[in-house]
Amino acid sequence: MGLNTALLHPPKEKEPCGATLTPIYQVSAFEHSSAEQLEKVFHNQSGGFAYTRISNPTVDAFEKKIAYIEKGIGAVACSSGMAAVSMALLNILESGDEIIASAGLFGGTIDLFRDLEAFGIRTKFVAHITTEALAPLLTERTKAVFCEIIGNPALDVVDVKSVADLLHSHHIPLIADCTTATPYLVHAFDLGADIVVHSSSKYINGGNAISGVIVDNGSFHWDETRYRGSAEYRKYGKFAYLAKLRNGLWRNMGACLSPMNAFLNLIGMETLGLRMERLCDNALALAQFLEHDGRVTVNYPALASSPYAALVQSQFGGRGGAILTLRTGSKEKAFRFVNRLRYAAIATNIGDVRTLVIHPSSTIYAHSDTQQKEAAGVYDDLIRVSVGIEDVQDLIADFRQAIDHIEEE
Ligand SMILES: *Cc1c(COP(=O)(O)O)cnc(C)c1O
């Protein structure tokens, strides 16, 4: 079954009235026939729902669907991508542990890793997640490596298989943020990733609601001497990680997804394959135009000139995702360019159906110093473009006219 078919025909139970999509179960609590029955639901001895912070049919349908599409054994939906990143890590970490991550991560994740220091969790940053960069840094304290398969906005691409192989020989899990890659480009579990997280606010739903999700494929062995919290969940076998999340931190922190947003994710996902196909085609055509034009410098991983071109070919089948960045020469020119664009919305998001542009240095990375910005591939003259599904000739014409005026005061 191809991705588009799978997105429309995931295994699911028939809705009572034949609804083609799981409806929005917009309630807080679920009523039961007897005290005994509710007791069983509370003790996971019977299916069913008790309280929406813990589980809800619409949220459950979204979790099952993304787990199926990602080839995982289960998923836990969260109120946002940041909640998913936080919960995915805190589910296994304790004070004294170390994470290794790439310096080119999404700005919010970098800020989170700084916040975690107050709880005794340190992060070591490397320029790019490669076996060479990781090998000398792995210690007894390293409990997770966190990467974005395509860094946003650095647009560096991780060779997932080689990195996962190295980490597994040290009994360390690879947690992959697949927001920018999506299952359209890659099935990260097939390459050895252990936990996949998404900000489903982006490509998964197409830009209509904030949400996040954690998916597990159950293959990582959580050694109880290294991951002490896992001992209690050994009885769940390969579901130990998900059971710990559901029964512990995720539930108790209250980072649940609302039924309405789960529904928006379900609708959005139906067109994930179609949107990604169009987005990747548009991004490549726009990148090729910009490179050929030559007046700004463009970075897009699927361009033949990218250092990641070969990896994009082997790992993503030649697709480069929907984000590109360009450098204009100065902040003034970058602003002038952005202000000139007719179709691109000036907005801090990616994965929308419409083209979005932003100047990351003055916005998403405003809290970072110059060194941190450069490590993340953020420069004063850099613009990030999240390419949309518009007709590409219109996008190219728009970008061309904006460049024509870039020198004007
Ligand atoms: C947006 C984003 C996040 C955070 O997601 P929210 O839904 O905004 O909380 C995390 N990782 C990546 C790669 C993102 O693009």
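A brief report on the enclosed structure follows. (Residues numbered from 1 in each chain as written. Predicted model: local features only at pLDDT ≥ 70, side-chain atom pairs only at ≥ 80, totals over all residues. Heavy atoms only, no water.)

1. With respect to the sheet that holds strand 5 (residues 174-177)
- With mixed pairing, the seven strands of this open sheet are ordered in space as 1-7-6-5-4-2-3. Two strands close off the open sheet at either side, each with one partner strand: strand 1 (74-78) and strand 3 (122-126). Averaged over all adjacent pairs, the angle separating strand axes in this sheet is 20°, with direction ignored.
- Relative to strand 7 (residues 212-216), strand 1 is paired through five bridges, and the arrangement is antiparallel. Note that in strand 7 the partner of Gly-74 across the bridge is Asp-216.
- Helix 3 (residues 57-69) contacts strand 1, strand 6 (195-199) and strand 7 of the sheet and is inclined by roughly 130° relative to strand 1. (Pairing = 2+ DSSP bridges. Helix = DSSP H or I, 4+ residues; strand = E, 2+ residues; numbered from the N terminus. Axes fitted to C-alpha atoms, helices over the stretch in contact; angles between N-to-C directions. Contact = heavy atoms within 4.5 Å.)

2. Focus: the pattern of salt bridges
- Going through the model one piece at a time under the given rule, you end up with 19 salt bridges.
- Here Asp-281 ties to Arg-319 by a salt bridge, and the two come within 2.6 Å at their closest N and O atoms. One end of the pair, Asp-281, is in helix 12 (residues 272-293); the other, Arg-319, is in the loop between helix 13 (309-316) and strand 9 (323-327), and 38 residues separate them in sequence.
- For Arg-327, the salt bridge identified is with Asp-381, shortest N-O distance 2.9 Å. (Salt bridge = Lys/Arg side-chain N within 4 Å of Asp/Glu carboxyl O.)

3. Concerning the environment of Ile-403
- Topologically, Ile-403 is positioned in helix 16 (residues 392-404).
- Non-local contacts of Ile-403, meaning those with residues more than four positions away in its chain, are made with Leu-290, Asp-293, Arg-295, Val-296 and Phe-337.

4. Structural notes on the packing of aromatic side chains
- All chains considered together, the criterion is met by nine aromatic pairs.
- Between Phe-337 and Phe-399 the ring centres are 5.6 Å apart and the planes differ by 70°, which places this aromatic pair in the edge-to-face class. Taken together, the residues span a long stretch of sequence, with Phe-337 in helix 14 (residues 331-340) and Phe-399 in helix 16 at a distance of 62 residues.
- Three or more aromatic residues joined by ring pairs form one cluster here, namely Phe-220, Trp-222, Tyr-227 and Tyr-241.
- When the ring centre of Tyr-227 is taken as reference, the NZ or CZ atom of Lys-143 above it lies at 5.8 Å. (Phe/Tyr/Trp six-rings, centres within 6.5 Å; stacked < 30°, edge-to-face > 60°. Lys NZ or Arg CZ within 6 Å of the ring centre and 35° of its normal.)

5. Let's talk about the site of the ligand
- Near the ligand you find 13 residues, and of these Met-82, Asp-177, Ser-199, Ser-201 and Lys-202 are the closest.
- Here an oxygen atom of the ligand and a backbone polar atom of Met-82 are 2.8 Å apart.
- In isolation the ligand has 380 Å² of accessible area, and contact with the protein removes 91% of it.
- Across the shell around the ligand, the residue classes tally to three nonpolar, seven polar and three charged. (Near = heavy atom within 4 Å. Polar contact = N/O pair within 3.5 Å; in protein donor to acceptor, adjacent residues only side chain to side chain. Areas by Shrake-Rupley, 256 points an atom, 1.4 Å probe, with all protein chains shown as cover. Nonpolar A, V, L, I, M, F, W, Y, C, P; charged D, E, K, R; others polar.)

6. Digging into the pairing of strand 4 (residues 142-148)
- Burial of strand 4 is extensive: seven of the seven residues sit out of reach of the surface.
- Here strand 4 runs beside strand 5; their pairing, made up of four bridges, is parallel. Residue Phe-146 lies in a different strand from strand 5, and its bridge partner there is Ile-175.
- Once the chain exits strand 4 it traverses helix 7 (residues 160-169) before rejoining the sheet at strand 5, and the crossover so formed is right-handed. (Buried < 20%, exposed > 50% of the residue type's maximum accessible area, 1.4 Å probe, protein only. Right-handed = clockwise from strand over helix to strand, strands pointing away.)

7. A word on helix 11 (residues 259-270)
- Here helix 11 contains 12 residues, and its C-alpha end-to-end distance of 17 Å stays within 8% of the 16 Å for a straight helix at 1.5 Å per residue.
- Counting buried positions along helix 11 gives nine out of 12 residues, so the element sits mostly inside the fold.
- Those residues of helix 11 that sit buried are Pro-259, Asn-261, Ala-262, Phe-263, Leu-264, Asn-265, Leu-266, Gly-268 and Met-269.
- Buried residues along helix 11 sit against helix 1 (3-8), helix 3 and helix 12. (Expected span 1.5 Å × (residues − 1).)

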